[in-house]
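Architecture at a glance
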Amino acid sequence: MKLPGGMNLQQMMKQAQKMQEDMAKEMQSLSVDATAGGGIVKVEMNGNKEVLSVKIEPEAASDIDMLQDLIVAAVNECGRKVDEVMMANSAVRSADSIYPDYKKAGCETVKIVDSSH
């Protein structure tokens, strides 16, 4: 089915599905980390916001309340980092779809990745 402007609805749906699949793969492969308490707690998380690892320095074990707060802080910071990377990558992906010919002019897509890794 052709839409106004010559766009094919079926092609648009296939393109949208491919973009969703690509984003899901990207989210799974993304890895961010954050620390709290000057490195006493370190958390690693993937793009699906699944915690991959938690490392705790032994000296933190003596104060459970502080340890709990540091874990929460590090997990929340990882979540913010995932959101930031995904928003930036979505913006790049949107620009690619809105201006598909800019690559022909010698421009390249900028891949945004977590720089703390």
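Here the structure is a predicted model, which means the values were calculated and not measured.

1. Observations regarding the overall build of the protein chain
- Scanning the protein chain from N- to C-terminus turns up 2 helices and 3 strands.
- Scanning the protein chain from its N terminus toward the C terminus, one meets helices and strands in the order α-β-β-β-α.
- Classification of the 117 residues of the protein chain by burial places 24% in the buried group.
- Long-range contacts, defined as pairs at least 24 residues apart, comprise 45% of the intrachain contacts of the protein chain with a sequence gap of at least 6.
- Carbon and sulfur atoms form 58% of the exposed surface of the protein chain, whose accessible area is close to 8000 Å².

2. As for unusual backbone geometry
- The phi dihedral of Lys49 is positive, around 65°, even though this residue is not glycine.
- Tracing the backbone through its elements, the reader meets Lys49 in the loop between strand S2 (41-46) and strand S3 (51-56).

3. Focus: the sheet that holds S2
- Reading across the sheet, the 3 strands line up as S1-S2-S3 and stay open at both edges, with antiparallel pairing between neighbours. Single-partner strands in this sheet number two, and they are strand S1 (31-36) and S3. In this sheet, neighbouring strand axes are inclined to one another by 15° on average, regardless of whether the strands run parallel or antiparallel.
- Bridge analysis of S2 against S3 gives 5 bridges, and the strand direction is antiparallel. Within S3, the residue paired with Lys42 across the bridge is Lys55.

4. Examining a nonpolar patch on the surface
- Taken together, the side chains of Val51, Val54 and Ile56 present a nonpolar region at the surface, about 220 Å² in accessible area.
- By secondary structure assignment, the location of Val51 is in strand S3.
- Taking the relative accessible area as the measure of exposure, Val51 reaches 43% and is therefore partly exposed.

5. What about the pattern of salt bridges?
- Considering all chains together, one arrives at 2 salt bridges under this definition.
- A salt bridge links Asp83 to Lys49, with the shortest nitrogen-to-oxygen separation between them at 2.7 Å. In this pair, Asp83 is assigned in helix H2 (residues 64-98) and Lys49 in the loop between S2 and S3, connecting sequence segments 34 residues apart.
- Between Arg80 and Glu77 there is a salt bridge, with its nearest N and O atoms 3.1 Å apart. Residue Arg80 and its partner Glu77 are both found in helix H2; the two are separated by 3 residues, about one turn of the helix.
- Under the relative-accessibility criterion, Arg80 is labelled partly exposed at 44%.

6. A closer look at the pairing of S2
- Here S1 runs beside S2; their pairing, made up of 6 bridges, is antiparallel. The partner of Ala34 across the bridge, within S2, is Val43.
- Once S1 ends, the chain turns through 4 residues before running back antiparallel as S2, passing Gly37 with a positive phi of about 65°.

Conventions we followed
Counting restarts for each chain, with residues numbered from 1 along the sequence as it is written. Given that the model is predicted, a residue must reach a pLDDT of at least 70 before its local features are reported, and side-chain atom pairs must reach 80 or more before they are shown or counted; all residues, however, enter totals for whole chains, interfaces and linings. Excluding hydrogens and water, the side-chain figures rest on all heavy atoms present in the structure. Secondary structure elements are defined from DSSP: runs of H or I of at least 4 residues count as helices, runs of E of at least 2 residues count as strands, and each element is numbered from the N terminus. The classification of residues rests on relative accessible area computed with a 1.4 Å probe and restricted to protein chains. Under 20% of the type maximum is buried, over 50% is exposed, and intermediate values are partly exposed. A contact between two residues is defined here by any heavy atoms of the two lying within 4.5 Å. Per-residue accessibility takes into account occlusion by the displayed protein chains alone, with areas from the Shrake-Rupley method and a 1.4 Å probe. For two strands to pair, DSSP has to find at least two bridges joining them. For helices, the axis comes from a line fit to the C-alpha atoms of the stretch in contact; other axes are also lines fit to C-alpha atoms, and the angle between any two N-to-C directions lies between 0 and 180 degrees. Grouping into patches uses exposed residues only, defined as over 30% relative accessible area, and leaves out salt-bridged ones; the cut-off is 9 Å for like charges and 5 Å for nonpolar side chains (Val, Leu, Ile, Met, Phe, Trp, Tyr). Here, a salt bridge means any side-chain nitrogen of Lys or Arg that lies within 4 Å of a carboxyl oxygen of Asp or Glu.

None of the figures reported here should be taken as evidence of function without further support.
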